[in-house]
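The lines below spell out each chain.
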Amino acid sequence: MKKLIKNNVYWVGKVDWELESFHGSDFSVNHGSTQNAYLIQEEKTVLIDTVWRPHSTEFVDNLAKEIDLDKIDFIVVNHGEVDHSGALPDLMERIPDTPIYCTANAVKSLTGQFHHPEWNFRVVKTGDSVDIGNGKKLVFVEMRMLHWPDSMATYMTGDNILFSNDAFGQHYALEELFNDKADTCTLWEEAIKYYANILNPYSPLVKKKIEEIQALNLPIDIIATSHGVIWRDNPLQIVEKYYEWSQDYQEDQITIVYDTMWEGTMQLAHKIGKEISKISPDTKVKIFNVARYDKNDIMTEVFRSKAIAVGSPTVGNSILSSVGGWIDFLKELRFKNKKAAVFGCYGWSGESTKILRERLADAGFLVVEPEIRCNWNPEEDDFSKASDIARALCE
Ligand code: FEO
């Protein structure tokens, strides 16, 4: 069932309450999600994006109940990732000659995934526009690397709607669609998680793109994302947040991440947390066992932090795989301007702190000198070093 967004613009997407993870199993989803697609019925009938492949039949059937599919003048594909393009093959079987407006890179991603080079692609770049009648136009803005090379946004003049695709989205299921109907805490928690885990590596580009769009001075009444809420109440609030998040964002918070074999390294983690709290009572401290806690939610806390401390015992002349795998992910997200400290227990050879130090430096962190390298179980001398770490991270 289509839902009204504004005038002749409707939502025709999927509210996906069952989604538990995204990007395979790489992104945990705790509040469902939406795949937002839009139908514009001006003098021209335009479909903007589709939904994920498992919902393809449902999507095409629902769309066919709303309109004669042959009446669709063209489709806009803002981004070729399959959560938005997944219903294209089924749809194009029904309307094979319909033009698809997208970037040159989206022709590559769509053709690579669906193997239909014969589709009627119309390549667009920033500033290109197409009339849709009633004095309104769609204007295209390339959003390269936000977050794929093929990404773009589409701006509708007259109604002042920015169809932003992934940018400004969240994984958050909401039948009521609009941000003023959302649970505010959940909305912002999901928005920052989405930014930290997906967009953070491209922060310099986010900043530049926002400045570029602001310079155009376009009136924006609605930001119609492809995931989560449609921003209609003060839509620029999410743009302002993205601008803030894109500039080496940090709060007065320190996050401690560890795994432990026989609880020695866990005791060090807790002691470091207490020392931080003693030295800097206003600093928020968060402590996570990386093997037991959601890795994406930990990343959101790292995003908020000015510093982290990472601990692992030595095992097999190395570190625990839970910590090693997590640091791979940490590197991928390209955090900047954050300090890190290392700690860990060992029985025999004791390489873990050296390895942690190297791996965190390689991930872009400024690794401070004090560390705790503790032989067997910690005692007073080991615990006393926690205050050195706390001081170095709080400075
Ligand atoms: Fe929501 Fe990049 O796909």
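Residues numbered from 1 in each chain as written. Predicted model: local features only at pLDDT ≥ 70, side-chain atom pairs only at ≥ 80, totals over all residues. Heavy atoms only, no water.

## Let's talk about helix α11 (residues 352-362)
Thought 1: Within the span of α11, buried status applies to Ser-352, Thr-353, Ile-355, Leu-356, Arg-357 and Leu-360.
Thought 2: Of the surrounding elements, those touching the buried residues of α11 are β20 (307-311), β21 (314-315), β22 (318-319), α10 (321-332), β23 (339-346) and β24 (366-375).
Thought 3: Residue Gly-364 follows α11 closely and has a positive phi angle near 100 degrees. (Buried < 20%, exposed > 50% of the residue type's maximum accessible area, 1.4 Å probe, protein only. Helix = DSSP H or I, 4+ residues; strand = E, 2+ residues; numbered from the N terminus. Contact = heavy atoms within 4.5 Å.)

## Notes on the packing of aromatic side chains
Thought 1: Per the counting criterion, the structure on display carries 18 aromatic pairs.
Thought 2: Considering the side-chain rings of Phe-114 and Trp-119, the 6.1 Å spacing of their centres and the 40 degrees angle between planes classify their relative orientation as tilted. Residues Phe-114 and Trp-119 agree in their burial class; the two are buried.
Thought 3: Their ring planes at 80 degrees and their centres at 6.4 Å tell us that Trp-245 and Phe-303 sit as a pair that is edge-to-face. Linking Trp-245 in helix α7 (residues 236-245) with Phe-303 in helix α9 (residues 295-304), this pair joins segments that are 58 residues apart in sequence. (Phe/Tyr/Trp six-rings, centres within 6.5 Å; stacked < 30°, edge-to-face > 60°.)

## Side note on the pattern of salt bridges
Thought 1: According to the stated counting rule, one finds 26 salt bridges in the structure shown.
Thought 2: Here Lys-136 and Glu-42 are joined by a salt bridge, their closest N and O atoms 2.8 Å apart. Taken together, the positions of Lys-136 in strand β13 (residues 136-142) and Glu-42 in the loop between β7 (38-41) and β8 (45-48) put the pair 94 residues apart, joining distant regions of the chain. The residues Lys-136 and Glu-42 share a single accessibility class, namely buried.
Thought 3: With a shortest N-O distance of 3.0 Å, Arg-357 and Glu-371 are connected by a salt bridge. With a gap of 14 residues between them, Arg-357 in helix α11 and Glu-371 in strand β24 connect regions that are remote in the sequence.
Thought 4: What makes Glu-371 partly exposed here is its relative accessible area of 24%.
Thought 5: Through salt bridges with shared partners, a single network forms among Glu-189, Glu-251, Lys-284, Lys-286, Glu-301 and Arg-304. (Salt bridge = Lys/Arg side-chain N within 4 Å of Asp/Glu carboxyl O.)

## What to know about the sheet that holds strand β2 (residues 9-11)
Thought 1: Across the sheet, seven strands lie side by side as β1-β2-β7-β8-β9-β10-β11; this open sheet has mixed pairing. Of all the strands in the sheet, just β1 (3-6) and β11 (121-123) have a single pairing partner and so form its edges. Recorded for the sheet is a direction-independent mean angle of 30 degrees between the axes of neighbouring strands.
Thought 2: In the packing of helix α4 (residues 104-114) onto the sheet, contacts are made with β10 (100-102) and β11, and the angle to β11 comes to roughly 150 degrees. (Pairing = 2+ DSSP bridges. Axes fitted to C-alpha atoms, helices over the stretch in contact; angles between N-to-C directions.)

## Some points on the environment of Lys-385
Thought 1: Tracing the chain through its elements places Lys-385 in the loop between α12 (380-384) and α13 (386-394).
Thought 2: Among the residues examined, Lys-385 registers a relative accessible area of 28% and is labelled partly exposed.
Thought 3: Sequence separation between Lys-385 and Arg-373 is twelve residues, and the spatial gap between their C-alpha atoms is 9.4 Å.
Thought 4: When near neighbours in sequence (up to four residues on either side) are disregarded, Lys-385 contacts Glu-371 and Ile-372.

## Looking at the domain arrangement of the protein
Thought 1: What the domain assignment reports for the protein is domain 1 (3-245) and domain 2 (254-394).
Thought 2: Relative to domain 2, the C-alpha centre of domain 1 lies at a distance of 39 Å.
Thought 3: Between domain 1 and domain 2, the residue contacts involve 16 residues of the former and 14 residues of the latter.
Thought 4: Of the roughly 1,200 Å² buried between domain 1 and domain 2, counting both surfaces, carbon and sulfur atoms make up 45%.
Thought 5: At the junction of domain 1 with domain 2, the criterion picks out three salt bridges.
Thought 6: Across the pair Lys-193 and Asp-297 runs a salt bridge whose closest N-O atoms are separated by 3.2 Å.
Thought 7: Applying the counting criterion to the domain 1 and domain 2 interface returns ten residue pairs in polar contact (both at pLDDT 80 or more).
Thought 8: Taken together, the elements giving at least two residues each to the side of domain 1 that touches domain 2 come down to β5 (27-28) and α5 (184-199).
Thought 9: Looking at the side of domain 1 that touches domain 2, its residues break down into eight nonpolar, five polar and three charged. (Domains from an automatic or database assignment. Buried area = accessible area lost by both parts, 1.4 Å probe. Polar contact = N/O pair within 3.5 Å; in protein donor to acceptor, adjacent residues only side chain to side chain. Nonpolar A, V, L, I, M, F, W, Y, C, P; charged D, E, K, R; others polar.)

## Considerations on the sheet that holds β20
Strand pairing in a sheet is mediated by backbone hydrogen bonds. Such pairs are either parallel or antiparallel.
Thought 1: Spatially, the five strands line up as an open sheet ordered β19-β18-β20-β23-β24, and their pairing is parallel. Lying at the two open borders of the sheet, with one neighbouring strand each, are β19 (284-289) and β24. Neighbouring strand axes in the sheet, compared pairwise and without regard to direction, differ in orientation by 15 degrees on average.
Thought 2: Pairing geometry for strand β18 (residues 253-258) and β20, over five bridges, is parallel. Residue Ile-254 lies in a different strand from β20, and its bridge partner there is Ala-307.
Thought 3: The sheet contacts of α13 involve β18, β20, β23 and β24, and relative to β24 the element is tilted by about 170 degrees.

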